[in-house]
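Commentary on secondary and tertiary structure
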Amino acid sequence: SPAPTTFAPPKEDGGQAKVRALAQAVQGSLEVTTSELSNLVEVSFTSLDRYMAAQVADAIAEEYLVLSNAIRFERSTGAEAFLRREITDMQAKLETSEKDLNEFARQNQVVDTEDRSNIMATRLSVLNSDLTKVRSDLIAAQSLAHQVAQTDVNTLPAVVQDERLKELRAKQFELRSEYARLSQTYTDEYPRMQELKRQMEEGRLGLEEAQSNLVKSLEVNYAGLTDREVRLAQAVEEQKQELLELQDRSIQYQILKREWETNRSLYIALLERVKEVGVVAGMERAVGSVIDRALVPTVPSGPYLRNNLM
């Protein structure tokens, strides 16, 4: 079987080895203690050189504060940089969504969709009402046209109740009555009898013409109602289609508008967040501070000769 792969530790140059050895030596002589009753931390360093002991203790405290402040600054700076990159991306999205919204509104004319929809719905309601009335009148006209074709015109309600025909029929009745009354005394050659016959013939022709005109007007009315019914039905369908198309455009417009509003809200939130990060970074308390600097010892801390001798 193949030999297992081994990984050699990275080689260090002479300078790195010296730094590591020195750091280990410092750590071996360094002592850090905390207080249970406060947030104070005591740093002490043991060395054969009492001045060096004080200097190392002070240096450890100062470097710790410098490092902590540097880490805190890097974190706040990194967060701010990340937010600014997000702001740049969101600004591009916001501009794109705003451009799409305005372009769609301009091409489809859907700025005042609610008002236009209400107007079109009202117009559609009026057209439907007119169409219903025309269809009702058309049914009545169709029934009347069927009666004209199947029955005697003189029995039609429209003919019987027409005021002009009533007057003509009344006039014709008067002429016939007078003719019948005079015929008992005079012959047909009598001038008045001749005049009555002429008037009755004219009345008959006038009555027939009036009836014919009335029937024609009914036919024309039926044809007009038929044409109006077709045009109204077409107008209703066109209005419905236009209203549906407007609603579809309105829905698409609202989708684009919500996308723009969402991007705008996120963009504003990111701007506010950047401000907060900057303010918080400036208001953060320091990790710590030096209360008392290290004192140069006047007497050695060891060795304890008495204890060692005992």
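Residues numbered from 1 in each chain as written. Predicted model: local features only at pLDDT ≥ 70, side-chain atom pairs only at ≥ 80, totals over all residues. Heavy atoms only, no water.

Turning our attention to the overall build of the protein chain. In terms of regular secondary structure, the protein chain is built from 7 helices and 2 strands. If you list the helices and strands of the protein chain from N to C, you get α-β-β-α-α-α-α-α-α. The proportion of buried residues among the 310 residues of the protein chain is 20%. Sequence separation of at least 24 residues holds for 71% of the intrachain contacts in the protein chain that already meet a minimum separation of 6. Split by element, the accessible area of the protein chain, about 23,600 Å² in all, is 54% carbon and sulfur. (Helix = DSSP H or I, 4+ residues; strand = E, 2+ residues; numbered from the N terminus. Buried < 20%, exposed > 50% of the residue type's maximum accessible area, 1.4 Å probe, protein only. Contact = heavy atoms within 4.5 Å. Areas by Shrake-Rupley, 256 points an atom, 1.4 Å probe, with all protein chains shown as cover.)

Moving on: the nonpolar core. With 12 residues, the main nonpolar core is built from Met-120, Leu-124, Leu-127, Leu-131, Val-134, Leu-138, Ala-141, Leu-225, Leu-232, Val-236, Leu-243 and Leu-246. Elements with a contribution of two residues or more to this core: helix 3 (113-150) and helix 6 (191-283). In terms of residue count, helix 3 provides more of this core than any other element does, 7 residues in total. Apart from the residues lying within four places of it in its own chain, the contact partners of Leu-127 are Leu-232, Ala-235, Val-236 and Gln-239. Within the second largest apolar cluster, 7 residues are counted, among which are Leu-83, Ile-87, Met-90 and Tyr-267. (Core = buried A, V, L, I, M, F, W, Y, C linked by side-chain atoms within 4.5 Å.)

A word on helix 5 (residues 163-183). An ideal rise of 1.5 Å per residue puts 30 Å on 21 residues; helix 5 measures up with 30 Å between its terminal C-alpha atoms. Leu-165, Leu-168, Gln-172, Leu-175, Tyr-179 and Leu-182 are the residues of helix 5 that are buried. Down the axis of helix 5, the buried set is contained in an arc of 125 degrees. They therefore lie on one face. Seen from the buried face of helix 5, the exposed residues on the opposite side, beyond 90 degrees, are Glu-163, Glu-167, Phe-173 and Arg-181. (Expected span 1.5 Å × (residues − 1). Arc of directions from axis to C-beta.)

In this fold, Asn-263 is placed in helix 6. With a relative accessible area of 10%, Asn-263 lands in the buried category. Residues in contact with Asn-263, not counting those within four places in the same chain, are Met-90, Lys-93, Leu-94 and Ser-97.

As defined by bridge partners, strand 1 (residues 30-34) adjoins strand 2 (residues 41-45) across 5 bridges and the pair is classed as antiparallel. Opposite Leu-30, over in strand 2, you have Phe-45 as the bridge partner. Connecting strand 1 to the next strand, strand 2, in antiparallel fashion are 6 residues. (Pairing = 2+ DSSP bridges.)

We now examine the layout of surface pockets. Volume-wise, the largest pocket comes out at about 1,200 Å³. Val-41, Glu-42, Val-43, Ser-44 and Ala-57 are, among the 39 residues lining the largest pocket, the residues nearest its centre. Counting residues per element, the ones that place at least two in the lining of the largest pocket are strand 1, strand 2 and helix 2 (50-108). Grouping the constituent residues of the lining of the largest pocket by class yields 21 nonpolar, 11 polar and 7 charged. (1 Å grid on protein atoms, 1.4 Å probe; cavity = no way out; pocket = protein on both sides within 12 Å on 5 of 7 lines; lining within 4 Å. Points joined across faces, edges and corners; volume = space filled by probe spheres on them. Nonpolar A, V, L, I, M, F, W, Y, C, P; charged D, E, K, R; others polar.)

Let us now look at the pattern of salt bridges. Pairing between side chains of opposite charge can happen when their charged atoms approach one another. In this structure the tally under the stated criterion is 5 salt bridges. Arg-293 is the partner of Glu-62 in a salt bridge, and the nearest nitrogen-oxygen pair spans 2.6 Å. On the criterion of sequence distance, the pair formed by Glu-62 in helix 2 and Arg-293 in the loop between helix 6 and helix 7 (305-309) is long-range, its members being 231 residues apart. Arg-192 is the partner of Glu-178 in a salt bridge, and the nearest nitrogen-oxygen pair spans 2.9 Å. (Salt bridge = Lys/Arg side-chain N within 4 Å of Asp/Glu carboxyl O.)

With that settled, the discussion passes to the confidence of the model for the protein chain. Reading predicted coordinates in detail is not appropriate for stretches of low pLDDT. For the protein chain, per-residue confidence averages 76 on the pLDDT scale, and residues scoring 70 or more make up 79% of the total. Summarising per-element confidence for the protein chain, the mean pLDDT is lowest in helix 4 (residues 157-160) (60) and highest in strand 2 (85). (pLDDT = per-residue confidence, 0-100.)

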